[in-house]
Amino acid sequence: MGVGDTIAQICIEKKPLEEFNVKRLFNYSLVGLVYVGPSLRIWYGGLDKMFPSSGRKLQYKKVLVDQGIFAPAFIASILTILMGINGEKPEAIKEKLKQDYKDILITNYKIWPAVMIVNFSFVPVNYQVLVTQTVAVLWNIYFAWKANQPVIKIE
């Protein structure tokens, strides 16, 4: 997550080095280390126990459960935690969710289901983490940028 935030700040937001937000990078990395990483490990371990055998039909079920149940709640929780750790008040968090959650979730659906289907179906197990982490860097660039856009009060 830290790599994604660094790239977002430098390449997407075009921040000069003196404006680089180290606290934001630290917080984003911390959330990845203590929340996102462990949560994904537990979730995917549980998903493998729910669907222990392989086969294309089963892989689609895994992706459906992952994207239909886990992803919506997980995205909202990450956005909420990031804003909370950055000191935002509950009203601002609520506005941010109203403003950006739908866009983030739709973008998630444009990327992750296809990645996971290909990964579960065609990539050898010992390379699956490499595939998901490569895409995760790109996802985290987007997520870091989107999560740090100013909240626009919606009336």
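Residues numbered from 1 in each chain as written. Predicted model: local features only at pLDDT ≥ 70, side-chain atom pairs only at ≥ 80, totals over all residues. Heavy atoms only, no water.

**Student:** Just checking my understanding: could you explain the packing of aromatic side chains for this structure?
**Tutor:** Two numbers describe a pair of aromatic rings. These are the distance of the centres and the angle of the planes. The tally for this structure, following the rule as stated, stands at six aromatic pairs. When the ring of tyrosine 142 is compared with that of tryptophan 145, the centres are 6.2 Å apart and the planes differ by 45 degrees; the resulting orientation is tilted. With tyrosine 142 and tryptophan 145 both in helix 5 (residues 125–147), this residue pair falls three residues apart, about one helical turn. The class of tyrosine 142 is buried, set by a relative accessible area of 18%. The class for tryptophan 145 is partly exposed, based on a relative accessible area of 28%. In this structure an aromatic cluster arises from ring pairing among Tyr35, Trp43, Phe70 and Phe74. The lysine or arginine in question, lysine 62, covers the ring of phenylalanine 120, its NZ or CZ lying 5.0 Å from the ring centre. (Phe/Tyr/Trp six-rings, centres within 6.5 Å; stacked < 30°, edge-to-face > 60°. Helix = DSSP H or I, 4+ residues; strand = E, 2+ residues; numbered from the N terminus. Buried < 20%, exposed > 50% of the residue type's maximum accessible area, 1.4 Å probe, protein only. Lys NZ or Arg CZ within 6 Å of the ring centre and 35° of its normal.)

**Student:** What am I meant to see in the side chain of serine 77 here?
**Tutor:** Tracing the backbone through its elements, the reader meets serine 77 in helix 3 (residues 56–85). Judged by its relative accessible area of 19%, serine 77 is buried. Within the local environment of serine 77, its side chain forms a polar contact with the side chain of tyrosine 35, the two groups lying 2.7 Å apart. (Polar contact = N/O pair within 3.5 Å; in protein donor to acceptor, adjacent residues only side chain to side chain.)

**Student:** So what exactly am I meant to see when it comes to helix 1 (residues 2–12) here?
**Tutor:** Considered for burial, the residues of helix 1 that qualify are Gly2, Gly4, Asp5, Ala8 and Gln9. The arc that holds the buried residues of helix 1, viewed along the axis, is 165 degrees, so those residues lie on one side. For helix 1, the secondary structure elements touched by its buried residues are helix 2 (22–50) and helix 5. Following helix 1 by one or two positions, lysine 14 has its phi on the positive side, about 55 degrees. (Arc of directions from axis to C-beta. Contact = heavy atoms within 4.5 Å.)

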